[in-house]
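Tertiary structure, described
Here is what each chain is made of, one letter per residue.
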Amino acid sequence: MNNNFASAYPRKNFFIQMFTKDIGLEDCILDLIDNSIDGLIRSRKIKLSDLSKWVFAKDPKPSVHLTGRPVIRVTFSEDSVKVEDNCGGLDLEYARNEAFNFGHGPDWKKGFLGVYGVGLKRALFKLGEEFRIESHTIENGFECSLDVSEWIKQDKSVDDWRIPLKELPKAHSEKSAGTSILVSRLHNEVKMCVKAGSFYKSLYDSIRRTYSFFIGKYVRIYLNQTEIEPYRIPLSRPKGGNVSYEEFEKNGVKVRIIATIAELDDTGRYNQALAGWYVVCNGRIVLLADKSEITGWGIPPMPTYQPKHRCFIGLAFFQAENPLLLPWTTTKTALNKESPIYLTARDRMAIVARPVFSFINKKYPSDLDVEPIERDIARVVESKSVGQLVSNKNTIFSAPPQAQPTPRTTTSVQYSAKISDLEKIRKHLRKPKMGASRIGEYTLAYFLEKEGLK
Amino acid sequence: MSLPAKSFERVHYEYRPAKQVERRMLLDAFQQLMAIGFPIDEYQYTGMGSVYFVDFVMFHRYLGISKMLSVEADLEIEKRLKFNCPFNLIRIRMGDIADQIPRLSQDIRHILWLDYDYPLTEEILDAVLMASKCLPGGSILLLTIDVEPPGEKGERPLDWMKYYQQEAYRYLPPRTKPSDFAKSKIPAINGTIIDNVIRDGITGRMDVRFHPLFNFLYADGHQMLSIGGMICREEEEIRLRALNRKKLFFIRDSLCSNPYRIRVPCLTRKERLYLESEMPKPRGWKPKRFELKDEEADDYCDIYRYYPAYTEMFL
């Protein structure tokens, strides 16, 4: 033993018991879906920039007809979680040398949803005690099974970190090439969560929202036999006007920002749950209808979110060949708010949104009823897809001029006053029947006159 | 707090000597900036011209600026503004200036003067923040605010502290106490707040920093603070090093301390003509023909080039 060195050996225990505490169950399942989508990107040589082009196209059409698209099937029960796909599979050599490492090496190829090289492993460890992965590409195949509770016991050298892997035949065709991941002997907390009555719907919504752009263009996703419908961000454009739009590129990241008015929901109202900022990184929706400080709400010059903002909707779309440059965290459900690109983007978001807030503020004087105003706003906008909103490179929100009511020059003033004080004024003025509101008007006029303000 | 009556209704803008000295100093600074390669004549000037447009007239006549925008918040005087607009080239927008800032072109540089006649408010900070986020590199941002103690007569530093806490809480230094808001310290605390707002505003802009240039303190009645500087990229930062600071003795490197105090001695026309015939003279010089306090003589030596002359004209 060389006494000039301290041990800095990675313990399995850290990765299995500690690392898994920073991520939620649903996000783990999303990480497994990311793995399937990365298989698709690898096998079909998809560029994530193509997805952006598609999202911002005037008339976006799916690249492959619906029925021909690869399928990802997610099933869960109290016994197991399974994600299987025909997205092209994991290459044997990739599995041997890269897929099970914690973190990527310096030669890591870019252009995938997988960023940090931890998502798949963290998900497997988070979910259960045992997993089995079987994968077939059109060139080779493999399977690996691991009893995590046994594997953790051997932790003396780097060799103990290897995972047994067995070669399997290649897939018969491109359509059958894919990966199946089965996690069994679920941890107790996972069992408790999946049997909750709301879990199914909650997971359905998470998948639907996170992959709405991927579902629209590349894949179909099923959750326990139910096909997931893509989520549509409820954007609209002022009739005859423009949305606020800005795009810029900085340090390898292309950022597109849109701010506009939302469309009404099915009940004909602005839905508070859908208002706010949507942040998308490489096509994956990271934040949905966010109204918190992370997207700038409450940080000047962005206002604190108030109910009148429920007709506001903004989209910040980040795209980079190297996903490490994007401002997402390892869970991909939050943003690294200190990221330089995000600090820049958040500034621009506030600026791009400003004309929309001015429009909303003018519509909502503080003392008016809200519903007629909502209807009034909705009349001047029309629903559009993302690409249809963006006509020129940069635009500033503008709504067509409407018949403006004459600007108000008066407002009502109401406050409590001591009855005895009002009585004193009545006596002083020798007007015993003078009403309280008249006294209010009189005293205001008195102040204005005596202070030389009138 | 009750806001004072609109200043354009209280005082004729053209007869505010200290304000006029400030305008002339700014004009001089802008001319010097032109001399070192800033194409000020191609800048857009955006200001709050009120009904007098004094700054617009000066900047158009003496700098050749022809892109001009005046923003007015008082919707009740739109016709009056348009009636008084001195040049056809001045565009007028009604509304909150902070709403106009994101609409300023990113393809040209700007001089933006946020010229208020009341104490700092949340809305003023909002405009400063928007400006520091939006103005392209090479642009000049100016802010004028009233730095008399806010509120009503009889109020004390504790009340003034509460006012600033309400309007600018996130930009105040931690653990401030009422003595930090003593009357004499109000200009400095305003400068600190604005400095923090601007630094917050440019946080997301990796390629720029704010270079302070102006920090004027003056009173034509109410004490006013006018601060500002340039949003600089590296190229502008280098170019600014050539600025003749000796000639522009009023230039300041900080918004928070050491303001240049504009003091305009009250002189008769005859006194002024005499003093002018003796200029230039260094500080410490005293007129021989009549009595003048030392500090008034010094002030005159400093600002004689900028001293405005008023006379009654019978039409």
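I will try to describe carefully the structure that is included in this document. (Residues numbered from 1 in each chain as written. Chains lettered and ligands numbered in written order. Predicted model: local features only at pLDDT ≥ 70, side-chain atom pairs only at ≥ 80, totals over all residues.)

**Brief notes about unusual backbone geometry**
Going by this rule: What counts as a helix is a DSSP run of H or I of at least four residues, what counts as a strand is a run of E of at least two, and both are numbered from the N terminus. Between the buried cut of 20 or more and the exposed cut of 12 or fewer other C-beta atoms within 10 Å of a residue's own C-beta lies the partly exposed class, and all C-beta atoms are placed from the backbone.
Cis geometry marks the peptide bond from A:P300 to A:P301; its omega dihedral reads 5 degrees. The linkage connecting B:M279 with the following residue, B:P280, adopts the cis geometry, with an omega of 0 degrees. Residue placement: B:P280 occurs in the loop between α10 (269-278) and α11 (294-303). Notably, A:R430 is not glycine yet its phi reads approximately 60 degrees, a positive angle. One non-glycine residue, B:F53, lies in positive phi territory at about 55 degrees. Its 22 C-beta neighbours within 10 Å are what place B:F53 among the buried residues.

**Notes on the sheet that holds strand β5 (residues 140-146) of chain B**
Residue and element names in this part refer to chain B. Just so we agree on the cut-off: Following DSSP output, two strands are said to pair if at least two bridges run between them. Only the stretch in contact is used when fitting a helix axis, every axis being a line fitted to C-alpha atoms; angles between N-to-C directions are given from 0 to 180 degrees. A residue pair is marked as a contact if its C-beta atoms, positioned from the backbone, fall within 7 Å.
Across the sheet, which stays open at both edges, the eight strands sit in the order β3-β2-β1-β4-β5-β7-β6-β8 with mixed pairing between neighbours. Of all the strands in the sheet, the pair left with one neighbour each is β3 (90-94) and β8 (260-262). When strand polarity is set aside, the average angle formed by the axes of neighbouring strands in this sheet is 15 degrees. The pairing of strand β1 (residues 44-47) with strand β4 (residues 110-119) spans three bridges and is classified as parallel. Opposite Y45, over in β4, you have I111 as the bridge partner. Across the sheet, helix α2 (residues 17-35) is in contact with β6 (209-219), β7 (223-232) and β8; its angle to β6 comes to roughly 150 degrees. Sheet contacts for helix α3 (residues 54-63): β1, β2 (67-72), β3 and β4; angle to β1, the most-contacted strand, approximately 170 degrees.

**Some details on helix α10 (residues 340-363) of chain A**
Quick reminder of the rule: Here, expected helix span is obtained from the residue count minus one, scaled by 1.5 Å.
When the terminal C-alpha atoms of α10(A) are compared, their 35 Å separation across 24 residues agrees well with the 34 Å that a helix rising 1.5 Å per residue should span. For α10(A), the tally of buried residues reaches 17 of 24 residues, placing the bulk of the element in the interior.

**Points about the interface of chain B and chain A**
Residue-level contacts link 15 residues of chain B with 15 residues of chain A. Top contributing element to the side of chain B that touches chain A by residue count: helix α6 (residues 122-134) of chain B, with six residues.

**Remarks on the packing of helix α2 (residues 25-44) of chain A against helix α8 (residues 199-210) of chain A**
Residue and element names in this part refer to chain A. As a reminder, the rule being used: An angle below 35 degrees is treated as roughly parallel, one above 145 as roughly antiparallel, one from 65 to 115 as roughly perpendicular, and anything else as oblique. What makes a crossing left-handed is the near helix being turned counterclockwise from the far one by less than a right angle; a clockwise turn instead makes it right-handed. Classification used: nonpolar for Ala, Val, Leu, Ile, Met, Phe, Trp, Tyr, Cys and Pro, charged for Asp, Glu, Lys and Arg, polar for all others including Gly.
Two elements in contact, α2 and α8, have axes separated by 10 Å at closest approach and are oriented at 45 degrees. With respect to their mutual orientation, α2 and α8 come out oblique. Viewed along their axes, α2 and α8 form a crossing whose handedness is right-handed. Residues E26, I29, L30 and I33 of α2 lie in contact with α8, whose contacting residues are S202, L203, S206, I207 and T210. In terms of residue class, the contact of α2 with α8 is built from five nonpolar, three polar and one charged.

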